[in-house]
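Inside the fold
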Amino acid sequence: MSKIDEVRDYELFIGPNHPGISGNFSFKMKLQGDKILSAKTDAGYLHRGFEKLMEERLFIQNIAIVCRICVPDPDPNENNYARAIEEIAGIEVPERAKWIRTLVLELSRLASYLFGIGGHVATTGLYAFSNWTIADRDRIMELFEELTGGRVYHIYQLPGGVRRDFPDGFERRVLEVMDYIESRLGDYDDLAINNALFIKRATGIGVITKEQAIKWGVTGPNLRACGVAADVRKDDPYEVYDKVDFEIPTRTEGDAYARTIVRRKEIEQSISIVRQIIDKIPAGPVWNKIPNPLKWKVPAGDAYVRTESSKGEYAYYMVSDGGRNPYRVHVRGASTTHGVHVLENLLAGSRIEDASQIMFSLDACPPEVDR
Amino acid sequence: MSENNKGSILKPFRALKFIGEKPVTIRTPFENRPTAPRYRGFHVNDQEKCIGCGTCAEICDNDAIRMIEIPGLEPEVGSSNLRPAIDYGRCCWCALCVDVCTTNSLNMTQEYTHVSEDLNTFFMFPDTEGIHKTDFPLGYQASDDSNFLDLERVEMEELSPEERGDSFIEIVKGYSKEQAIAEASRCVACGLCTDTCPAHMNIPEYIEAIWDDNLSEAGRQIYKTNPLPEVCGRVCTHKCETACSIGQRGEPIAIRWLKRYAMDAIPAEQYGDVNNFRVVKPLGKSVAIVGSGPAGLSAAYYLRLMGYDITIFEKYPEPGGMMRYGIPEYRLPYDALDKDINYIEEVGVEIKCNTTIGKDIPFEDLHRNFDSVLIATGFHVGRSTRVPGTDHKDVFQSIDLLSKITRGEEIQVDEKIVVIGGGNVAMDIARSLARKQKVKYGKVNIIVTSLETRDIMPADDEEIEEATEEGCVFYPGRGPVEIVIEDGKIKGLKTNRCLSVFDEQHRFSPKFDENDIKLLEGTMIVESIGQGPDMSYLDTYTDKIEMDGRRFKVNEFYQTSIEWLFAAGDIIKGPDVINGIAVGHKAALGIDKMLENKKDLFYNTIFDVLDKSLKFEEGCRKSSSKFAGKFSPVVNNMITDLTVKSKDLEERIKKLIQNENVLIHLDKKLKRPQEAGYFERCIAEEALADTTSEKDFLKNMERKTRVAFGLYHDLEKLTKNKELEFLFGYLKAQKKKQLEKVEKLLQK
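Computed from a predicted model, the values in this text were never measured in an experiment. Counting of residues starts from 1 at the beginning of each chain's written sequence and follows it residue by residue. Chain letters and ligand numbers both follow the written order, the letters beginning at A and the numbers at 1. Per-residue local features of the predicted model are confined to residues with pLDDT of at least 70, and side-chain atom pairs are confined, for both listing and counting, to 80 or more; whole-chain, interface and lining totals are unaffected and use all residues. Working from all heavy atoms in the structure, the side-chain values ignore hydrogens and water.

So, about the overall build of chain A. For helices the rule is a DSSP run of H or I covering at least 4 residues; for strands it is a run of E covering at least 2, with both sets numbered from the N terminus onward. Each helix and strand counted, chain A has 15 helices and eight strands in total. Its C-alpha radius of gyration of 21 Å places chain A within 12% of the 21 Å reference for a compact globule of 371 residues. When the backbone C-alpha atoms are referred to their principal axes, chain A occupies close to 75 × 45 × 35 Å. Partly exposed residues are those whose accessible area sits between 20% and 50% of the maximum for their type, while under 20% is buried and over 50% is exposed, using a 1.4 Å probe and protein chains only. Here chain A holds 371 residues, and 64% of them are scored as buried. In this description, contact between two residues means that some pair of their heavy atoms is separated by no more than 4.5 Å. Of the contacts formed within chain A by residues at least 6 apart in sequence, a portion of 72% connects residues at least 24 apart. Only the protein chains shown count as covering a residue, and every accessible area follows the Shrake-Rupley method with a 1.4 Å probe. Surface summary for chain A: the accessible area is close to 12700 Å², and the carbon and sulfur share equals 50%. With C-alpha atoms as the basis for the radius of gyration, the globule rule is written as 2.2 Å multiplied by the number of residues raised to the power 0.38.

If you want it as C-alpha cells, here you go:
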C-alpha cells in the first residue's frame, strides 16, 4: 500500500474567493488525498434577490438592475429584459436598434470569452496569458464606455430600442479594435492554446459526454464542446442574427481543453459578426419612445425570451399583471446548470489540482446562480 | 488546433518579444485616465434651471437622490425650494435621472474619482461646477431623442370656428377615456401644480386615479378641496398648468381637461357614493351666506359637512353668481354648473333664490337669525371709462349684457360693435355678441380694443385666439378718448395710442400718444374694463366694518372686524373661480373655528385628522432621511427602516378609510372634545431642529418617536373599532420597537 492511499478522508472548504471562478462561490469537498470524492456547491454569496427586487420596482428601474445578474457578460440580461417587455406590450423596435443590440451582444460575448479563456489558462499557472486577454478585453470596455457611458454595466438597452446612437467615428474604432484582437489571436495560440504544457494539463479533464450533456441540460460552448451544434442564435434567431453569417464551432472531446478551444474559435466568429454589422447597419432612429416610465403599465401577459449568452442559453420568463411593476421575472441562466449540477458531477472523482480548471472551463457566473 | 494537437514547447517563448513593451494598465505616477465623452461620471445640476420637481429622485432605483430644502431659496410658481442631493454610496450611475429630468438641468460629467476617508463627503449636492469644483467636461447628457417624458399633449377636440360661430354650444368636446388615460400618464406627479393652485387641489393624486381608471378615487380627491369641479374643469384659469414641470420643455399636462373628464364621467347620482364625506353630525348652529357664487358655494359645502345648517341667499333667479350670469354658455354649459350645485344642495345646503339682502330681507335680520354670516357678493357692477359720450343709450356694460343673455332677455345687437377691454370678460362679451351678430346679420363685425398691447393683455391667449377665429378684430394698445356721436347716433370710438399702462411702481397710470388718433367705427359700444362691488345692502354696517384700503380688513380666515361677519370671494380676493373656492373653504374653517371656539384648528374632518397624522409621520421620515447619508451605517439602516414603515402606514390608512363604517366610527370618536385633546397633545411637537452630530440626531429622533408612540397609543385608546384598533396597536408596537432601538443606540 502506497503512502498516499493511507491518507485518511478529509473535508475541505474552498472559497468563497478562489481562482476557479469569476465571483464568490464556495465548495464543501470531501477528499481522499488529492482525489475529490464528492463536492457540494455552497452558493449564495452574491445573492441580492434580483428576481424579487424586480417585482418591487418600476419596469424602467429594473434596467439598472438586470445587468448585475452577470458581471462579465451583462448585455444578454438587458436584451432579455427589454425583449420580454417588448413581446408582452407589443413594442416595435427600430431596425437600427436591433443591429446595435446585436453589436452590443457580440462585443459583450467577445469580452466575456477573453475573460473566460484567460481565466481557464490562468488556473494552470500561466498568468501572463490572462493578463493579456484582460488587457485586450479592456479595449472592448472602452468601446462600451464610448457607446453607453459605462464600462462594465452598460444599462443601455431599453424596451423599444437603445438609449443612444453611435457617437461620431464609432464604427471606425470598433473595426480597429476588431483588427487588433484578430492580430492577437496568433499570440494567444502560441502562448497558451497550442502550448504543449497547457494541452497536457487540460486534455481529458472534466469530460462531459454528449449523452450526459444533453441529459444534464448543458448549453452554450460547453455543449458545443461535446459535439452538439446547438446555438440559440441559429436555432431561434433574435435581433438580427438571421441576417449575419457565422458558423458554430464544435468539438467532440467534451473536456476542459475542448471547451476553451470552442470559445477561442467563437472569438473569430464574433469578430466576423461585428464586422458584418458595421458593414450592413442601416440608418434610422434607435428608440421607439415608450410611455412616461413613471406612469407605465405593461399590459397583462407573459413572455419567455432567450438569448445565447457566452455562458449558454440565457432566458427570462416575465409575467405582467397589467401593473406598473413586473409580477414575476424568472431568470434562467446557464450558470445554475453548469456551476452547480454539472460541476458537482465533474468534480467527483477528479483531482484537487484540476478542480479550478474544471470550474473555469465551464465558465459559470456566480451572481447568475444566486440571482 | 487540429483535433489531435500535441502543441508546441517552443512557440510559447515567442511571447518574449513583448518583454520591452510598455504595460497597458499601470501608470506611475497615478493619472486620471481620460474618459469617453459620453461617460457617466459624477452629476452636475444647473441650480438656476432646476425647478426642484423631484422627478430624478422618483425614478432613482436606489433611492440615491434626495430632495433637500435650500435655505434662502423661495418657492415660486413652477419651482420649489428643493434641489437634488446625491448619495454616491447608493448611486449606480444608470443615468435614468438624466434622461427623465424635466428641465435638462441634471447631467453627468466625465469626472469619476473621489477618494476620502470621510463618508459624509460621498453625500453630495451637485451644482454646475461639479463636486470638486474642477470644471470637468460634461459626460452623459440629456438628449431630446431619448428623453423619457411625453412632451406632447393629447389634443382636445373642439368645434371649428364655422361650427360654433352662431351657437352657444360648448366648444370643447372633452376627452374620451382612452385620451384621458393617455394624457394622465404623462404626469410625473411632482406636485408643483398643487403648490400653485389657490385651493391646493390634490392634482397628482387625482391624475393618478384617472390613470388607474379609478374615477371614484379621482372624484374623492377632487372634492377634498373643490366642490365645483365641473365648473373648474371648464373655466378654471388653470394656474397649475403654468407650474407644470412637463411644461418646462413641452406642453403642460391638461390638468383642467382631466378634471373635467373625471367629473363628466361620474354620473350625478353617484356623487354621494363617490365622496366618502358625510355630514358629521348636526351641530345646531346656522350660517347665512350672501351670494351663491364660487366662494359662497364652497364655504357652504364645507360648513355643511362640518355639521352646520347653511342658508344661501341669492338675488338672481338661479344660483351660481358670475359662473352663471357672467360666463357664457359656450364655455360653461348650465348643465355642468347645475350638476355641481345640485350636489351641494343634496348634502343639505339651502339656497334661497330671488332673495335680495337689503331689499327683501334687511341685513340686520341675518345677524339676528344666524350664528354667523358670510358675505360673498362679488363684483357685479361694471366700471365705466367715463370718456365723453358714455352716457349715450347705445353704450352698454358687458356684465349687464352677459347677465341678460343668460336670463334669455332680448339685447340690442348692432351691425358694428366696439368692445373696450382686454380681459376675459371682454372676450366673453365680444364672442357672445359675435354669435348674436352671426345669427342676425350672417357676419361678424366686432372690434375689440384695449389699453394693453397684445403681449400683456390680461385675457387668456386661447380666448384671444378663439375670438380672432370667430371674427373679432383686435386693436390692442389703444386708449379710448371719446365716443363720437353724430345726429344722436354713435359713429365710433376715438382712440389714441397707449404708450404704457403702468408706471415704474407698477401702478395703473396710462400714458398716451396724443398724435396717434384712430377712429374705430361702430354704432354700439360695450365697456368691459372691470367690475366693482355693490355693498349698499350692508346698510349701517358699512361704517362699522374696518376697511383696509378699498377692501374689508380681514384676518387669515377672512373674518372681518365684526366677529360674526366673514367675507369671501371677489370682494376679498379675486379674480377667478378657483380663488373664490379657496377663499370660501378657508372662510368656512374660520367660521367653524369661531363658532366652536376652538383654540387652534387641528382638524375639521376625519381626513384632516388622518392627513395630520400622515404629515407627522412624513415629517419624521423627511427629517430623518435628510441626514441619512451623513451617519453611520447602523443609523442609516434604522432610518431606512423608518422610511419603509411610514410608507406602509400611509397605505394602510388610505385603504382603511375607504371603509365607510370605519370612517363614521372614527369621526364620531374624534369629534368628542376630550378625545380631540389627546390628538392635539400628541402632534403638538415642534419640528426637528437641524442636527449635525449623530448624537443630537438620535436624541431628536427619540423625541419624535416617543411622540409618535404616544399618538398611536392614544388613538388606539379611543378607537373601539376592530380594524382601527388593530392598526393603531400595530403601529404602536412598531414605534415601541423603534424607540427601543434608538434608546439602545443612545446608551452606547
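The term salt bridge refers to a pairing of a side-chain nitrogen on Lys or Arg with a carboxyl oxygen on Asp or Glu at a separation within 4 Å. Taken as a whole and judged by the stated rule, the model has 82 salt bridges over all chains. A:E142 is the salt-bridge partner of B:R33, the closest N and O atoms lying 3.8 Å from each other. A residue pair is termed interchain when its members come from two chains, as with B:R33 in the segment before strand 1 (43-45) and A:E142 in helix 6 (residues 127-148). On the basis of relative accessibility, which here comes to 35%, the residue A:E142 falls in the partly exposed class. The closest approach of N and O atoms between A:R224 and A:E308, which form a salt bridge, is 3.0 Å. Pair noted here: A:R224 is in helix 10 (residues 221-224) and A:E308 is in strand 6 (residues 301-309), with a separation of 84 residues, a long-range link. Across the pair, A:E308 and A:R224 agree in class, each one buried. Each of B:R164, B:R331, B:D428, B:R431, B:R435, B:E463, B:E466, B:E469 and B:E470 takes part in a single network of salt bridges with overlapping partners.

On to the domain arrangement of chain B, then. All names here are of chain B. The split into domains, and so the bounds of each, comes from an automatic or database assignment of domains. On domain assignment, one finds that chain B holds domain 1 (29-148), domain 2 (161-275), domain 3 (286-380 + 537-597), domain 4 (383-532) and domain 5 (602-618 + 625-747). Computed from C-alpha coordinates alone, the two centres of domain 3 and domain 4 are separated by 31 Å. Domain 3 puts twelve residues into the contact, and the matching count from domain 4 is 13 residues. Buried area, as used here, totals the accessible surface that two parts lose on assembly, with accessibility defined by a 1.4 Å probe and the loss added over both. Contact between domain 3 and domain 4 buries roughly 1200 Å² in total, counting both sides, with carbon and sulfur atoms accounting for 54%. The three residues of domain 3 that bury the most area against domain 4 are Y325, Y330 and R331, which together make up 45% of that side's buried surface. Here domain 3 is connected to domain 4 by two salt bridges.

Averaged over every residue, the pLDDT of chain A is 91; residues scoring 70 or more account for 98%. Across chain A, element-level confidence peaks in helix 4 (residues 75-89) of chain A with a mean pLDDT of 95 and bottoms out in helix 1 (residues 3-6) of chain A with 59. Values of pLDDT, which run from 0 to 100, indicate the predictor's confidence residue by residue.

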